[in-house]
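Listed below are the residues making up each chain.
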Amino acid sequence: MSDKQFPGEFEQMVLLAILRLNDGAYAVPVREEIEERAGRAVARGALYTTLERLEAKGYLASRMSDPTPERGGRSRRYFEVTAQGVQSLQHAQEAMASLRQGLESVLGKSS
Amino acid sequence: MSPRPVPPRFAEAILAWFVPDNGFGESILGDLREEFASRAESGSRLRASQWYRVQAMQLSGRYAARALLRIFGRTRRHREDPFESKPRGETVGRVAQDVRYAVRTLIARPAFALTVIVTLALGIGANAAIFSVVNGVLLNPLPYPDADRLIGVWGRFLPESGFDFPRFSLAPPEYVDYKNDTRTMEAVAAYAAFGATLIDGDGDAERVNSASVTSNLFSLLRAPALVGRTLIAEDDHPAADPVVVLSHPLWHRRFGGAADIVGRRISVNGTRSEVVGVMPPGFSFPGNTTQLWSAMQIDETRRDNRQSHNFFAFGRLAGGATLEAAEAELEPMMARWKADFPDIHTGHFLWVEPMIENIVGTIRPALLLLLGAVGFVLLIVCANVANLLLAAGEHRRREMAVRNALGASRRRILQQLLTESAVLASIGGVLGLALAVVGTDAMIALNAGGIPRADEIGLDGRVLAFTGLLTVATSFVFGIIPAMQSASPDLQSAFKDGTTSATAGRRRMRFRQVLVVSEMALSILLVIGAGLMIKSFWALQQEDPGFQTGNTLVATLSLPSGDYDAKRASRFYTDLLEDINAIPGVERASAVTRLPLLHGRGVSDFEIEGDASNERGEFRMNAANVSARAGYFETMGIRLVRGRFFEDTDRVGTATVAIINEAMARRFWPDEDPMGQRIRFSGCDACPWAAIVGIVGDVKYQNLGTDPFPTYYFANAQVTEFAAFMTRFMALTVKTTTEPLSVAPALRAAIRRLDPNLPILALQPMTDVMAASLARPRFTMILMGIFGGVALLLGAVGIYGVMSYGVAHRTNEIGLRIALGAGSAQISRMVLGQGIRLALLGVGIGIMAAIAGTRVMGSLLFNVSTTDPAIFVAVSVLLSAIAVLASYLPARRATKVDPMAAMRSD
């Protein structure tokens, strides 16, 4: 069922950012990565809800770090993209690519 | 090393409430703290704090909204949000389960539930009642299609004109010029109210409120006739046959709804007029008792009567035009009028406003004040109910702890508790609505005709929506914090068989103290408001009206002009007074053209013999004119200052005389003796000069709160010669030796004997006239008094509740103190002291709020400052005393603590 439903644009960005960040992906750098790469401001609230949602869909898995004093004794939540998440991302990107086919003259070369 | 920067604690605490209470919430708090720390270290600490607050607010808002959606089930969203991927049925079932559980819980504690529900019902009911009045009177449009485009056209006299009338009627040429020149109005209609005496049809002769109107009035109001037609342009012609349109009620009441009414000729004030149509039920204009309309026949070619202001006008904005455009258009028009008629239009011009303003404008401040006051009452109610819930929550801490231990999340418990609040509020709201229906009727009855549009007040969709919204809002306001506190049970201490841990208890106590201080402050504000109204009303009653009301019966008669010319009218009153004077129990009877407080004042210009200032036009001389029979001043107990009253010898054939009041003497003869001076109506060369033979005390004709206007009296038996308009409409003033109403039947009979077709109006003791003139201030005063009283009561209950709780909470401590040798005086001083501290804090805040808040009452107060020191001091002392009293009982209980028992129980 989930392969019929593509992740949304922002969801894809979040998934991609987490993939790029490797092991160090928790909300703060994820947000920075998206802002930097996509050049758009990201509301924290939107990011947190999306992270929650992606995890609930099974596209993300998370683990809590040990609490640190600079975080007021609170843990970080590190995310990684699950196989299912990678797969859905692939589906979405392929669908986009196939839709782009033949439109290079209009859209320019795909990166 | 500098200490680690800490984000704003309050913001963080709020955010902690709203984020999900799983690892996710924790990571959010941690992330924000981390970012805050890096911002604080690299930049301004203050900036970082500000940044943190903004983030915390945004995230809290987001999660709060999500929580609300979850509780009140927008199920479509649930499916999108897999975090809440429970099927719809389960959500509904959960809510139903909560409601059932809430009802069971409340039934198990009937006293608590009843107290809360009754308090809420009173608060919500009072608000709904006041709102339904505000809604019916101020918010609903007038009952005509597109009524918001109806614009009243008024005259205004500024003091530079010699007059000071902010809202005045129009003269025929003013109306004609405006009507012809305006480009913003679709059309302009004129109307004037009059009383019509009817003798045809069923029943006795009757006087009905009527209006003479221009024919376009009906099309302007978009009101077609039900039977026959309304007026048409031909009826406006000065030479046209007199025609009338009847109201639906009049048609049914007097003419049995006869199908052949159209075409019938009926006598209106003695003139045969043809009935051309009947209006549909519900139509009335300008007053809601207007029953008959006749054509106002304005001679548009006459240009010489620019100063006889005798009717009102309104227009309908043309398509696309706005009120602002209508105002802008007037400016050049008025400049032109001023240039053309400088002696008339200097300081005198036309202005426009939405038509509804004239009808409701005067009561708006009072209603808005009451709406504000009743809103504060509801806040106090909420504070009190929150207090009760907190107290109840203490008893349920174990229950919550058990639920929590069995796996209920904080959110689940919160939801359950909020459901309880919602159930309480809903029952309170429904009862409140019922109370509102009763209360609205009571309010209308209380004001006895003083509220405009009273018949349009009632329950409608807007009132229902308002009450519903109020109920929901109320349940949140009083429910959320107690629920939050109960939902985060301090597990360990709750399971221990004792009181709560010191810190948690202190936090809860602190919140309740805040509630009580707010309650006290709001109570002070309301009681001061009530106090000011009461003092103002008292001051009004202390005002000397200039006449006496005891043992005086009054009635108004209006002789139809078709049957009575001036001479015949004069003879009628002479004969009638003679008959009335012969009635046993009558000490003396007289008559006057204007009754104080009932007929207002009529102002006209006059001139003084030999005084050049009038011709020079230096200042206009105008004063109220009254015409009285011999004995008027005596029957009304009006004071004679100098000279004499009117006597029976002042009649046609003897020297024309006048009496003036002190205000007139002061104003026009400041340095001379007015006695013997002669005056007459201005611009009436045929009028005889009337010599001033007496000066009388000032009488308040307008209302008790308005300073007496300069007034001159003509001897009524003499005015047939020069002022026929002062002969037909008269009020009888009858001084009795017995209860005034006991004379009424004989008075009626005397009038019937002379003219069986004459309706008798406003037959009542003068004390009733006085009471009616105070109806509106009394209305405001009584309601403010009720709100103040309720505020006082609730404030006292609040203080008592918190102090009792405090004592119960500190039983161990108090027991220990007693065991260690504290005397009962010391113990009660300690408890009392705490209560008084809270009370004084509330009083202080309340007084500051009152200084700022009572300013809105300015226009409603008479001879009382909005910061009247006596009221402020008295109310502060009163509320402090009540607070002491409310703390005294718990304090006494504290001294009765048995130290052994108290310490054993821990």
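Before reading on, note that the structure itself is shown above.
Since this is a predicted model, take the numbers as computed values, not measurements.

Q: In this structure, what is going on with empty space enclosed by the protein? I would like to understand it.
A: Rolling a probe over the atoms, with the probe sized like a water molecule, indicates the empty space that remains. Residues and elements named next belong to chain B. In this structure the tally under the stated criterion is five cavities of 30 Å³ or more. Quantified by volume, the largest cavity comes out at close to 140 Å³. In terms of lining residues, the largest cavity is bounded by 15 residues, among which Leu389, Arg396, Leu417, Glu420 and Ser486 are the most central. Taken together, the elements giving at least two residues each to the lining of the largest cavity come down to helix H12 (364-395), helix H14 (410-447) and helix H15 (461-487). When grouped by side-chain class, the residues that make up the lining of the largest cavity number eight nonpolar, four polar and three charged. For the second largest cavity, the calculated volume is near 60 Å³.

Q: What's the story with the pattern of salt bridges in this structure? I'm lost.
A: Opposite charge on two side chains permits pairing when their charged atoms draw close. Following the criterion strictly, the structure yields 37 salt bridges over all chains and no others. A salt bridge links Arg642(B) to Asp673(B); the nearest nitrogen and oxygen atoms lie 2.9 Å apart. Of the two residues, Arg642(B) is situated in strand E16 (residues 640-643) and Asp673(B) in the loop between helix H21 (662-668) and strand E18 (678-681); the sequence distance between them amounts to 31 residues. For Arg642(B), a relative accessible area of 38% corresponds to the partly exposed category. For Asp673(B), a relative accessible area of 38% puts it in the partly exposed group. The shortest N-O distance in the salt bridge between Asp650(B) and Arg644(B) comes to 2.9 Å. Here Asp650(B) falls in the buried class, since its relative accessible area comes to 6%. Members of the salt-bridge network, linked through shared partners, are Arg31(A), Glu35(A), Arg44(A) and Glu35(B).

Q: Sorry if this is basic, but what is going on with the packing of helix H23 (residues 766-773) of chain B against helix H24 (residues 775-809) of chain B here?
A: The description of two helices packed together rests on the angle between their axes and the distance between the axes. Residues and elements named next belong to chain B. As a packed pair, H23 and H24 sit with axes 5 Å apart at the nearest point and diverge in direction by 55 degrees. When the interaxial angle is binned, H23 and H24 end up oblique. Counting all contacts with H23, which are made through Ala771, Ala772 and Ser773, the residues of H24 involved are Ala775, Pro777 and Arg778.

Parameters at a glance
- Note that residues are indexed from 1 along each chain, following the sequence as it is written.
- The lettering of chains begins at A and the numbering of ligands begins at 1, in the order of writing.
- This being a predicted model, a pLDDT of at least 70 is required before a residue's local features are given, and a value of 80 or more before pairs of side-chain atoms are given or counted; all residues contribute to the totals for chains, interfaces and linings.
- Only hydrogens and water are set aside when side-chain values are computed; all heavy atoms of the structure are taken into account.
- The distinction between a cavity and a pocket rests on a 1 Å grid over the protein atoms alone: a 1.4 Å probe fits inside a cavity but cannot get out, while a pocket stays open yet meets protein on both sides within 12 Å along at least five of seven lines, and a residue with an atom within 4 Å of a point counts as lining.
- Grid points are joined across faces, edges and corners, and a volume is the space filled by probe spheres set on the points.
- Each helix is a run of H or I in the DSSP string that is no shorter than four residues. Each strand is a run of E no shorter than two, and both are numbered from the N terminus.
- Under this grouping Gly is polar, as are all residues other than the nonpolar Ala, Val, Leu, Ile, Met, Phe, Trp, Tyr, Cys and Pro and the charged Asp, Glu, Lys and Arg.
- We count a salt bridge whenever a side-chain nitrogen from Lys or Arg sits within 4 Å of a carboxyl oxygen from Asp or Glu.
- With a 1.4 Å probe rolled over the protein chains alone, any residue whose accessible area is under 20% of its type maximum counts as buried; one over 50% counts as exposed, and the rest are partly exposed.
- Axis angles are defined between N-to-C directions and span 0 to 180 degrees, where every axis is a line fitted to C-alpha atoms and, for a helix, only to the segment in contact.
- For this classification, under 35 degrees means roughly parallel, over 145 means roughly antiparallel, 65 to 115 means roughly perpendicular, and everything else is oblique.
- Contacts: residue pairs with any heavy atoms within 4.5 Å of one another.

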